[in-house]
Amino acid sequence: MTLAHSPRGPSPMAAFPQSLSSILVSVGGLAMFLVFASLLLVSSPIGSTVRVYFTGFDKKLDLPISPNNWSFIDNDVLPLEPSLKDAEKSNSSSVDLSSGSRKEEEARNGSVAFSYAKDVEIGKGHLGSSENSGSIYIGSNNTNNLAKLAMPALPSPPPSNNNTQIDFVASGCDLYHGSWFYDSSGPVYTNNTCPVITQMQNCQGNGRPDKEYENWRWRPAECDLPRFDGKKFLELMRGKTLAFIGDSVARNQMESMLCLLWQVEVPKNRGNRRMQRWYFKSTSVTIVRIWSSWLVKKINEPFDFAPAGVDKLHLDAPDENFMEFVPSFDVIVLSSGHWFAKQSVYILNNEIVGGQLWWPDKSRPMKVNNVDAFGISVETIMTAIATHPNYTGLTIVRSYSPDHYEGGTWNTGGSCTGKEKPLAVGELVKNGFTEVMHEKQVAGFNNAIKKAANKSKLRLMDITEAFGYRHDGHPGPYRNPDPNKITKRGPDGRPPPQDCLHWCMPGPVDTWNELVLEIIRREFEGNQSSLS
């Protein structure tokens, strides 16, 4: 090959090799740079790299993932909840995976708090189901101005500091304001799977034709109340004793608790004439019931101008028939109120101060009526427990259980016949007697708290308002299995005898024990919130 050249000037052949080598070196260097840059981009996207370069950290969301840490947004699975182990490392955040919070968490001191929500549609399974859909919310200190996020990814969380909390369950939420929802999965037990139901509360066994009353469950406005978990209850109560003390409504609740636990383990009957006792061998848990109509001291012998044969109540003295056992109990559930409608004499400071359906001398002023007597009795028994030197347990006062006698009282033609579903919002008719009894009970409870002197805990389980909607949950005329019993009004419109005070089993009463379990869980798992 001949290279062309100008006939004039020096030949370029001497310079050519140097130029070619420079080009080769440059091309090789560029190639190496491109390869290196490609590898760098693959290992770290340029946006992240530049951000780290200028800010010193990468704000990519990177929360730990565990089988329990999933939330569902429009069918997209997103890891959201921090693990329990991480939560334990920080005093500023708490995680409770036993139930899902449905209320958007407020931000603390202006910071953002994240939560997930589990909402159930009517008839689509029970609360706490993993199939429930959810939503993510962000909030500020004003929970009325919450915006629902409609985005495929979660924003970066705020830096961890003392002003920030990430709460996924409002474990200290108000359990007693909410609504009833229909749960097609039905009750935990039936009248055929529990052998300890008192016949008068065995509504299906007594021929009640409808069953929907069994399927309505309580849903607090601020959080989910899980279905009763018998295994969890027995584990929380391992080695402990729970005592139901009070009237026949206490028996109603105790039998509900036994029926719920019976589906997990059949207990041994270790009762005697003074108390019913059921023992669960697997966890050494004992369920006790002690009868006490008024929870205060009762005598029958003559006193002052009150003759023998009339119950006389020392309103300022507790019922010693059960107080002697109090130190052996770990949890006490108290029930009273309805016996104050029965005939009785009220004694205070060793003086007769009033009576119910008994006051022979109209010239004497009556200082205490039955409603006031109830309030005094609550303060007396709660103070006795809260100041007992050998009791350190948890005491739950179940608030006044509403009855639903319409058109009269239990002995004057009152009726709840034909009620098949809960009252809707706006349909509740206030019962003046129930309201004032509830007010006196709460006042007595609060007065006792001020006098507390031991290490025991007092909690008010305030079910009165919520159960005012459950006129459908009573036996009504279905009080016995007699196939010939009268269940309809007669030609004169008078209703048949019926029970609109106690609760069918299964039925609304089972919710009380879901609440008891939740209160126990909060106390025994170290939650610092108070239901008082």
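These numbers were taken from a predicted model, which means no experiment stands behind them.

A. Just the pairing of strand S13 (residues 312-318), in detail. Buried residues dominate S13, accounting for 6 of its 7 residues. Where strand S12 (residues 296-299) and S13 come together, 4 bridges link them in antiparallel fashion. Looking across to S13, one finds that Val296 is bridged to Pro318.

B. Focus on helix H7 (residues 370-386). Compared with an ideal rise of 1.5 Å per residue, which puts 17 residues at 24 Å, H7 spans 24 Å between its outermost C-alpha atoms and is within 8% of the ideal. Across the 17 residues of H7, 15 count as buried, placing the element largely inside the fold. At the N-terminal boundary of H7, the capping side chain belongs to Asn369, with an oxygen 3.1 Å from the backbone nitrogen of Val371.

C. Geometry of the packing of aromatic side chains. Evaluation of the coordinates by the stated rule reveals 17 aromatic pairs. Plain terms: the ring middles of Tyr400 and Phe433 are 6.4 Å apart, the flat faces sit at 80° to each other, and that makes the pair edge-to-face. One end of the pair, Tyr400, is in the loop between strand S17 (394-398) and helix H8 (432-451); the other, Phe433, is in helix H8, with 33 residues separating them in the sequence. Taken together, the aromatic side chains of Trp180, Trp218, Phe467, Trp503 and Trp512 make up a single cluster linked through ring pairs. The ring of Trp180 has Arg470 lying over it, and the distance from NZ or CZ to the ring centre is 4.6 Å.

D. Examining the packing of H7 against H8 more closely. Contact pair H7 / H8: the axes reach a minimum separation of 8 Å and the direction vectors enclose 30°. When the axes of H7 and H8 are compared, the pair comes out roughly parallel. Crossing of H7 against H8: the hand is right-handed. In this structure, H7 uses Asn370, Val371, Asp372, Phe374, Gly375, Val378, Glu379, Met382 and Thr383 to contact H8, whose residues at the interface are Phe433, Val436, Met437, Lys440, Gln441, Gly444, Phe445, Asn447, Ala448 and Lys451.

E. How the structure looks around the pattern of salt bridges. What the rule picks out here adds up to 20 salt bridges. Note that Asp210 is salt-bridged to Arg208, the shortest N-O span being 2.9 Å. Arg208 shares its class with Asp210; the two are buried. A salt bridge links Arg217 to Glu514; the shortest N-O distance between them is 3.5 Å. Taken as a pair, Arg217 in strand S7 (residues 216-220) and Glu514 in helix H10 (residues 509-524) lie far apart in primary sequence, 297 residues in all. Of the two residues, Arg217 and Glu514, both sit in the buried class. Through salt bridges that share partners, Lys232, Glu518, Arg521, Arg522 and Glu525 make up one connected network.

F. The packing of helix H5 (residues 248-262) against H10, seen in detail. Two elements in contact, H5 and H10, have axes separated by 9 Å at closest approach and are oriented at 75°. The orientation of H5 relative to H10 falls into the category roughly perpendicular. Facing H5, whose interface residues are Val249, Asn252, Gln253, Ser256, Met257 and Leu260, H10 presents Val509, Asp510, Trp512, Asn513 and Val516. Classifying every residue of the contact of H5 with H10 by side-chain character gives 6 nonpolar, 4 polar and 1 charged.

G. Just the sheet that holds strand S18 (residues 457-461), in detail. Strand order in this open sheet of 7 strands is S9-S10-S11-S8-S14-S17-S18, and the pairing throughout is mixed. At either margin of the open sheet sits one strand with a lone partner, and together these are strand S9 (268-269) and S18. Where strand S8 (residues 241-246) and strand S14 (residues 331-335) come together, 5 bridges link them in parallel fashion. Residue pairing for S14: Leu242 is matched across the bridge by Val331. Sitting on the sheet, H5 is in contact with S8, strand S10 (276-280), strand S11 (285-291), S14, S17 and S18, with an inclination near 160° to S11.

H. Highlighting the layout of surface pockets. Empty space within the second largest pocket amounts to approximately 660 Å³. His338, Ala341, Tyr405, Trp410 and Leu501 are the residues nearest the centre of the second largest pocket, which is lined by 26 residues in total. Elements with a minimum of two residues in the lining of the second largest pocket: H5 and H8. When residues of the lining of the second largest pocket are assigned to their parent elements, the largest contribution, 3 residues, is made by H8.

I. Representation of the environment of Arg219 in the model. Mapped onto the elements, Arg219 comes out in strand S7. Judged by relative accessible area, which is 16%, Arg219 ranks as buried. Measuring from C-alpha to C-alpha, the distance between Arg219 and Phe181 comes to 6.9 Å, with 38 residues separating the pair along the chain.

J. Focus on the sheet that holds S13. Sheet architecture is open: 4 strands sit in the order S12-S13-S15-S16, paired in mixed fashion. Two strands close off the open sheet at either side, each with one partner strand: S12 and strand S16 (351-356). With strand direction ignored, the average angle separating the axes of adjacent strands in the sheet is 35°. Both S13 and strand S15 (residues 344-348) contribute to a ladder of 3 bridges, which runs parallel. Directly across from Leu313, in S15, lies its bridge partner Tyr346.

K. Just unusual backbone geometry, in detail. A cis amide bond, omega -5°, links Met505 with the succeeding residue Pro506. The topology assignment puts Pro506 in the loop between helix H9 (464-467) and H10. For Asn350, which is not a glycine, the phi torsion comes out positive at approximately 60°. If you trace the backbone, Asn350 turns up in the loop between S15 and S16.

Conventions we followed
Residues numbered from 1 in each chain as written. Predicted model: local features only at pLDDT ≥ 70, side-chain atom pairs only at ≥ 80, totals over all residues. Heavy atoms only, no water. Buried < 20%, exposed > 50% of the residue type's maximum accessible area, 1.4 Å probe, protein only. Helix = DSSP H or I, 4+ residues; strand = E, 2+ residues; numbered from the N terminus. Pairing = 2+ DSSP bridges. Expected span 1.5 Å × (residues − 1). Polar contact = N/O pair within 3.5 Å; in protein donor to acceptor, adjacent residues only side chain to side chain. Phe/Tyr/Trp six-rings, centres within 6.5 Å; stacked < 30°, edge-to-face > 60°. Lys NZ or Arg CZ within 6 Å of the ring centre and 35° of its normal. Axes fitted to C-alpha atoms, helices over the stretch in contact; angles between N-to-C directions. Parallel < 35°, antiparallel > 145°, perpendicular 65-115°, else oblique. Left-handed = near helix turned anticlockwise from the far one by under 90°. Contact = heavy atoms within 4.5 Å. Salt bridge = Lys/Arg side-chain N within 4 Å of Asp/Glu carboxyl O. Nonpolar A, V, L, I, M, F, W, Y, C, P; charged D, E, K, R; others polar. 1 Å grid on protein atoms, 1.4 Å probe; cavity = no way out; pocket = protein on both sides within 12 Å on 5 of 7 lines; lining within 4 Å. Points joined across faces, edges and corners; volume = space filled by probe spheres on them.

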